[in-house]
Amino acid sequence: MHSKIFINLPVADVDRSREFFTELGYSFDEAFSDEKAVCLVLGENMVAMLLQRDFFGSFHPVTTADATTTKECVVCVDAESRAAVDTLVDNAISAGAKPGDTEDHGCMYGRSYDDLDGHSWQIMWMDPAAMATGPDAASTAQS
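Note that this is a predicted model, so its numbers are computed, not measured. (Residues numbered from 1 in each chain as written. Predicted model: local features only at pLDDT ≥ 70, side-chain atom pairs only at ≥ 80, totals over all residues. Heavy atoms only, no water.)

(A) Inspection of the domain arrangement of the chain at higher detail. We note that the domain assignment places domain 1 (1-60) and domain 2 (71-142) within the chain. Here domain 1 and domain 2 have C-alpha centroids that lie 21 Å from each other. Of the residues lining the interface, 15 residues belong to domain 1; the matching set on domain 2 comes to 15 residues. Taken over both partners, the interface formed by domain 1 and domain 2 buries close to 1,200 Å², and the fraction arising from carbon and sulfur atoms is 72%. Together, L9, F20 and L24 form the three largest contributors to the area buried by domain 1 at its contact with domain 2, with a combined 43%. Put simply, domain 1 and domain 2 have 1 salt bridge between them. For the salt bridge of D117 with R16, the shortest nitrogen-to-oxygen distance reads 3.6 Å. (Domains from an automatic or database assignment. Contact = heavy atoms within 4.5 Å. Buried area = accessible area lost by both parts, 1.4 Å probe. Salt bridge = Lys/Arg side-chain N within 4 Å of Asp/Glu carboxyl O.)

Quick look at the structure:
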């Protein structure tokens with residue numbers, strides 16, 4: 001149905017957000033970045049537009065939520081392994097993120113953090129067998 005996703009998130013400081021996500025190893029699409037916004041590349045056909053709060057607010061006639069006090073969404077992205085989950089989240093925390101929860105269901109593992117603006121990021125890995133057969137069948141097979 002859809003071929004791309006563009007997540008739009010308000011940020012207090014575009015440059016600070018760029019530095020934070022650069023420390024985590026992400027890149028940016030400069031064709032869609034300027035002093036009001038940066039285009040954070042999450043993967044093929046997946047980006048998060050990090051928009052200066054007032055610029056973000058200009059698109060909607062309602063008050064922009066403060067993600068440090070109100071959760072508007074949780075951005076969940078995959079990682080290639082359990083170790084990659086830990087590396088990314090540990091690096092985020094080292095770069096100033098607030099640690100979130102950890103969930104370990106054997107066939108599915110995830111950790112989360114809140115970025116510098118309070119946006120929640122859930123980083124998860126799912127065992128390839130669980131993706132092929134479903135998490136309940138994969139859990140039974142591991143027992």
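(B) Fine view of the sheet that holds strand β2 (residues 27-28). What the 4 strands build is an open sheet, ordered β1-β4-β3-β2; its pairing is mixed. Since the sheet does not close on itself, it has two edges, and those belong to β1 (5-11) and β2, each with one partner. (Pairing = 2+ DSSP bridges. Helix = DSSP H or I, 4+ residues; strand = E, 2+ residues; numbered from the N terminus.)

(C) Spotlight on the nonpolar core. Ranked by internal contacts, the top residues of the largest apolar core, which has 28 residues, are F21, L40, Y113, W121 and I123. Sorting elements by how many residues they give to this core places helix α3 (residues 82-94) first, with 4 residues. Two domains each provide a minimum of three residues to this core, namely domain 1 (1-60) and domain 2 (71-142). Setting aside anything within four residues of it in sequence, one finds L40 in contact with F21, Y26, S27, F28, M46, V47, A48, L50 and W121. In this structure, A37, C39, V47 and M49 belong to the second largest nonpolar core, which totals 6 residues. (Core = buried A, V, L, I, M, F, W, Y, C linked by side-chain atoms within 4.5 Å. Buried < 20%, exposed > 50% of the residue type's maximum accessible area, 1.4 Å probe, protein only.)

(D) Region of interest: the sheet that holds strand β5 (residues 74-78). The strand order β5-β8-β7-β6 describes an open sheet built from 4 strands, whose pairing is mixed. Looking along the sheet, the strands with just one partner apiece sit at the ends: β5 and β6 (98-104). Between one strand axis and the next, the sheet turns by 20° as a mean value, whatever way the strands run. Strand direction decides the pairing type here: β5 and strand β8 (residues 120-126), joined by 5 bridges, are parallel. Bridge assignment links V74 to a residue of β8, and that residue is S120. This element, α3, spans β6, β7 (108-114) and β8 of the sheet and lies at about 10° to β7. (Axes fitted to C-alpha atoms, helices over the stretch in contact; angles between N-to-C directions.)

(E) How the structure looks around helix α1 (residues 14-23). Within α1, burial applies to V14, S17, F20 and F21. Looking straight down α1, one finds its buried side chains confined to an arc of 125°; they lie on one side. Opposite the buried face of α1, at more than 90 degrees from it, the exposed residues are D15, E19 and E23. Between a side-chain oxygen at the N-terminus of α1 and the backbone nitrogen of D15 the separation is 3.0 Å; the capping residue is D13. Phi turns positive one or two residues past the end of α1, at G25, with a value near 95°. (Arc of directions from axis to C-beta. Polar contact = N/O pair within 3.5 Å; in protein donor to acceptor, adjacent residues only side chain to side chain.)

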